[in-house]
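# Coordinates in review
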Amino acid sequence: MDDKQLQKALTFQALHQREELLVLPNPWDAGSAKILAALGFEALATTSAGLAFSLGRIDGEGLISREETLANARAIVAATPLPVAADLENGFSDDPQGCAETLIQAAACGLVGGSIEDASGRADAPIYPLELAVERIRASVAAARSLPFPFTLCARAENFLHGRQDMRDTIRRLEAYAEAGADVLYAPGLTTRAQIDAVVRAVAPRPVNVLLGLSSSALSLDDLRELGVRRVSVGSSLARTALGGFLQAASALRQGDPSFAKEAAPFATINDLFKAGRYLRP
């Protein structure tokens, strides 16, 4: 750890303690991270799906290694002066101590936050039993507290992403993770006002993260603020939006239509964003 990492960690911690909503976008490489910094975002978080897509792989548990995840995180940390948290998936281990080791390695990459989820990666039993899931968070919290700076740990309850729309179990898990010491609670896949309100109330005063970019949700940032949400992230949505534009352009080109380039950002604009040290708000 150096003084810069300590300052980033303190800044990231403070962003969760204020009343204003933290919008935490998810870059998938150094270039997208630089663009987000130039647009004025205050902090960043990696995306496992965005990384998988950039490597030409499908997203899924166990398909991206811990080493690849941390190499990607290291590149994003180095790209901007912003605090960065990482999607650490299920800690790349079933074992609680394996999760703790992942967190220690993540901190060594310059990260100041990260998430551990309770998805096992196994189709026959996609979610860890509650007792094991809590032990995994407890071990991760202990690892975070052993660091010489405040590492912001987010605990994720993955029921809704795996076809288990069980609010009672989801809330029970988030409450247990909060009791185990997690700094932020997150149940990706919640889409309704009632669901989000129930989670915010259950774990208060711990901050709650909500996933934006789900087509089934019509809630705005103002709606989420009113519900008491403290942080929003977008997962793979920005990466998928970029790939969507690429797919449309490439499909047009394949059909012989050269007009696709009209939608491209000007060369000079992109080049300026990537110039070292240039992080300008529009």
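Here, every reference points to the structure presented above.
My aim in this report is to walk through the structure given alongside it, one point at a time. (Residues numbered from 1 in each chain as written. Predicted model: local features only at pLDDT ≥ 70, side-chain atom pairs only at ≥ 80, totals over all residues. Heavy atoms only, no water.)

Within the protein, the regular secondary structure consists of 11 helices and eight strands. Its C-alpha atoms give the protein a radius of gyration of 19 Å, within 12% of the compact-globule value 19 Å for 282 residues. Counting every position in the protein, which comprises 282 residues, the buried fraction comes to 49%. With an accessible surface of roughly 13500 Å², the protein has 55% of that area assigned to carbon and sulfur atoms. Each charge class in the protein was averaged separately, 28 positive and 33 negative side chains, and the resulting centres sit 4 Å apart. (Helix = DSSP H or I, 4+ residues; strand = E, 2+ residues; numbered from the N terminus. Rg over C-alpha atoms; globule rule 2.2 N^0.38 Å. Buried < 20%, exposed > 50% of the residue type's maximum accessible area, 1.4 Å probe, protein only. Areas by Shrake-Rupley, 256 points an atom, 1.4 Å probe, with all protein chains shown as cover. Lys, Arg positive; Asp, Glu negative; His and termini not counted. Charge placed at Lys NZ, Arg CZ, Asp CG, Glu CD.)

It is worth spelling out the sheet that holds strand E5 (residues 152-156) at this point. Pairing between sheet strands relies on hydrogen bonds along the backbone, with the strands arranged either parallel or antiparallel. Spatially, the eight strands line up as an open sheet ordered E1-E8-E7-E6-E5-E4-E3-E2, and their pairing is parallel. The open sheet is flanked by strand E1 (22-24) and strand E2 (44-45), the only strands paired with a single partner. Pairing geometry for strand E4 (residues 113-117) and E5, over five bridges, is parallel. Bridge assignment links serine 115 to a residue of E5, and that residue is cysteine 154. (Pairing = 2+ DSSP bridges.)

In this section: the packing of aromatic side chains. In the structure shown here, the tally under the stated rule is one aromatic pair. With centroids separated by 6.4 Å and ring planes inclined at 50 degrees, the aromatic side chains of phenylalanine 149 and phenylalanine 151 adopt a geometry described as tilted. For the pair phenylalanine 149 and phenylalanine 151, a shared accessibility class is recorded, and that class is buried. (Phe/Tyr/Trp six-rings, centres within 6.5 Å; stacked < 30°, edge-to-face > 60°.)

In this structure, alanine 261 sits in the loop between helix H10 (237-254) and helix H11 (267-273). Linking alanine 261 and alanine 249, residues 12 residues apart in sequence, is a C-alpha distance of 7.5 Å.

Within the structure shown, the criterion is met by zero disulfides. The closest cysteine sulfur to the non-disulfide-bonded cysteine 109 is located on cysteine 99, 16 Å from its own sulfur. Judged by relative accessible area, cysteine 109 falls into the buried class, the value being 7%. Here cysteine 154 is not disulfide-linked; the sulfur of cysteine 99 is the nearest cysteine sulfur, at 14 Å. Relative accessible area serves as the criterion here: at 1%, cysteine 154 is assigned to the buried category. (Disulfide = S-S within 2.5 Å.)

Quick look at empty space enclosed by the protein now. With the rule as written, the count across this model stands at one cavity of 30 Å³ or more. Approximately 30 Å³ is the volume attributed to the largest cavity. Around the largest cavity, the lining residues are Tyr186, Ala187, Leu190, Ile196, Val199, Val208, Asn209 and Val210. Among the secondary structure elements, those contributing two or more residues to the lining of the largest cavity are helix H8 (193-203) and strand E7 (208-211). It is E7 that provides the largest number of residues to the lining of the largest cavity, a total of three residues. When grouped by side-chain class, the residues that make up the lining of the largest cavity number seven nonpolar, one polar and no charged. (1 Å grid on protein atoms, 1.4 Å probe; cavity = no way out; pocket = protein on both sides within 12 Å on 5 of 7 lines; lining within 4 Å. Points joined across faces, edges and corners; volume = space filled by probe spheres on them. Nonpolar A, V, L, I, M, F, W, Y, C, P; charged D, E, K, R; others polar.)

None of this, on its own, says anything about what the molecule does.
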